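If you want the building blocks of each chain, they are given just below.
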Amino acid sequence: MTDHRPASPALLTDRYELTMVQAALADGTARRRCVFEVFTRRLPPGRRYGVVAGTGRLLEALEHVRFDTRELDWLADERVVDDATLSFLADYRFTGSMVGYAEGEMFFPSSPVLVVEGTFAEAVLLETLVLSILNYDSAVASAASRMTSAAIGRPCLEMGSRRAHEEAAVAAARAAVVAGFAGTSNLEAGRRYGLATIGTAAHAFTLLHDDEPSAFASQVASLGIGTTLLVDTYDVRRGVENALAAAGTDLGAVRLDSGDLAVLAHEVRAQLDEAGARRTAITVTSDLDEYAIAALAAAPVDSYGVGTSVVTGSGAPTCGMVYKLVAREGSDGVLAPVAKAARGKASVGGRKAAARRLDSEDRALEEVLVAGPDELVRGWSSADASLRGLHVPLVTDGDVDTRWIGADGVRRAAERHRTSRDELPRGARRLSADEAAVPTVTLRLGD
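Because the structure is predicted, anything quoted here is derived from the model rather than measured.

Student: So what exactly am I meant to see when it comes to the overall build of the chain here?
Tutor: A tally of regular secondary structure across the chain gives 16 helices and 19 strands. Over its C-alpha atoms, taken along the principal directions, the chain stretches across nearly 80 × 65 × 35 Å. Residue pairs at least 24 apart in sequence account for 75% of intrachain contacts in the chain once pairs closer than 6 positions are excluded. Looking at the chain as shown, the accessible area adds up to about 20200 Å², and 51% of this sits on carbon and sulfur atoms. Distance between charge centres in the chain, computed from 49 positive and 61 negative side chains, equals 4 Å.

What follows is the structure, encoded as structure tokens:
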């Protein structure tokens, strides 16, 4: 019988991670100290910045990367690796260290958003897990940031669960809140991460009843006059009339889910105001993205519900992040830089630190990569007040920094995002296609 208990994240990886470990164990290089770096070579077309998200989820997963009997038995049965490798995996624990950009931080091409240091065998096994979490969550957060920016202070609400894998839906809700969304319809995301949850009724509830007035009366009786009534199942104007008849002028909100939202919002606002329901809010849904939200800037809309677009990265469902070996211990015991030279996929060898140069108004001027001899980069801190260091400790000798996980981690990430986005140069948040908001430059130590 198949065992359907929740699995360790250990096998959420690619086969070649384990076969590399097998070969490295056999030739004696598995325990060489290594430094891996996560970065993206370019932003998606038209994007001016990215948002780091998923760090907290990664750290939560890291503590559970264990090869237990179930995983080991399957690997043995499938002959994925040999007995010596199975023995190594049975005792696997990540005892290395990680530093990286704080979750919620902006990133740009070549930004070293995560630096992983440990033995080759320990660190290489994390490659796929790291990238699957950071690529997806950062794609969602990057799209969500464009939406909350376009909303100009009006709340955005995440409601895309039905458009994603059930676990991706939880991750997407979390990432959207990191980037400024006010709440989510996903209850599991609310439970895990302390997110505000939202939602009242769909068209099905109205259609269930003999008529719209009885549906609205039922909803108000159950949820109170502060509820949100969906008024476009039949005729919008009649729907608003029925909503006010059911709840009175203290009705919390009405929702529009179809039609020309800008025109309808103006018409509904006028109708509500004329009836004396000036405090009744208008929320709009229906396939919104950042462009649709921006187009509604002049409409009397109070909040936006976003589904498909946010959970799919609004056309950019991955950030293209890669996990590259940039330094490794040689046979002489010295840590030396290494780099990939393949055309179009070249990397820059050596450990790198990162900072952002700010002007006198605390606006970003440059993304600064700090390179040079390993001992200088590892201990680097800037005496230059215009440089804000970007790397924070995440894991130290296998111990996870718990500030970045759970509900507190999400709140901290959302605050980091607000502060970091406020540093962008003027015009960087425009939705028109352009280059990265700031250039990436290198500061080489020891020159």
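Student: It is not clear to me how the side chain of Glu-290 should be interpreted in this structure. Could you clarify?
Tutor: The residue Glu-290 is located in helix α13 (residues 290–295) in this model. Taking the relative accessible area as the measure of exposure, Glu-290 reaches 1% and is therefore buried. Here the side chain of Glu-290 touches Ser-314 through a polar contact of 2.6 Å, side chain to side chain.

Student: Explanation requested: the nonpolar core in the structure shown.
Tutor: Nonpolar side chains in soluble globular proteins tend to be buried together. Core analysis: the biggest nonpolar cluster contains 65 residues, and Phe-181, Leu-256, Val-284, Ile-293, Tyr-304 and Val-310 have the highest contact counts within it. Residue contributions to this core peak at eight residues, all from helix α7 (residues 166–178). Excluding residues within four positions of it along the chain, Val-310 makes contact with Val-140, Ala-144, Met-147, Glu-158, Ala-176 and Phe-181. In this structure, Leu-59, Ala-61, Leu-75 and Val-400 belong to the second largest nonpolar core, which totals 54 residues.

Student: Sorry if this is basic, but what is going on with the sheet that holds strand β10 (residues 281–284) here?
Tutor: By definition, the strands of a sheet pair up through backbone hydrogen bonds, in either a parallel or an antiparallel sense. Here six strands make up an open sheet; going across it, the order is β7-β6-β11-β10-β9-β8 and the pairing parallel. On the outer flanks of this sheet lie β7 (183–184) and β8 (228–230), each paired with one strand and no other. Here strand β6 (residues 156–158) runs beside β7; their pairing, made up of two bridges, is parallel. From the neighbouring strand, Leu-157 faces β7, where its bridge partner is Gly-183.

Cut-offs and rules
Residues numbered from 1 in each chain as written. Predicted model: local features only at pLDDT ≥ 70, side-chain atom pairs only at ≥ 80, totals over all residues. Heavy atoms only, no water. Helix = DSSP H or I, 4+ residues; strand = E, 2+ residues; numbered from the N terminus. Contact = heavy atoms within 4.5 Å. Areas by Shrake-Rupley, 256 points an atom, 1.4 Å probe, with all protein chains shown as cover. Lys, Arg positive; Asp, Glu negative; His and termini not counted. Charge placed at Lys NZ, Arg CZ, Asp CG, Glu CD. Buried < 20%, exposed > 50% of the residue type's maximum accessible area, 1.4 Å probe, protein only. Polar contact = N/O pair within 3.5 Å; in protein donor to acceptor, adjacent residues only side chain to side chain. Core = buried A, V, L, I, M, F, W, Y, C linked by side-chain atoms within 4.5 Å. Pairing = 2+ DSSP bridges.

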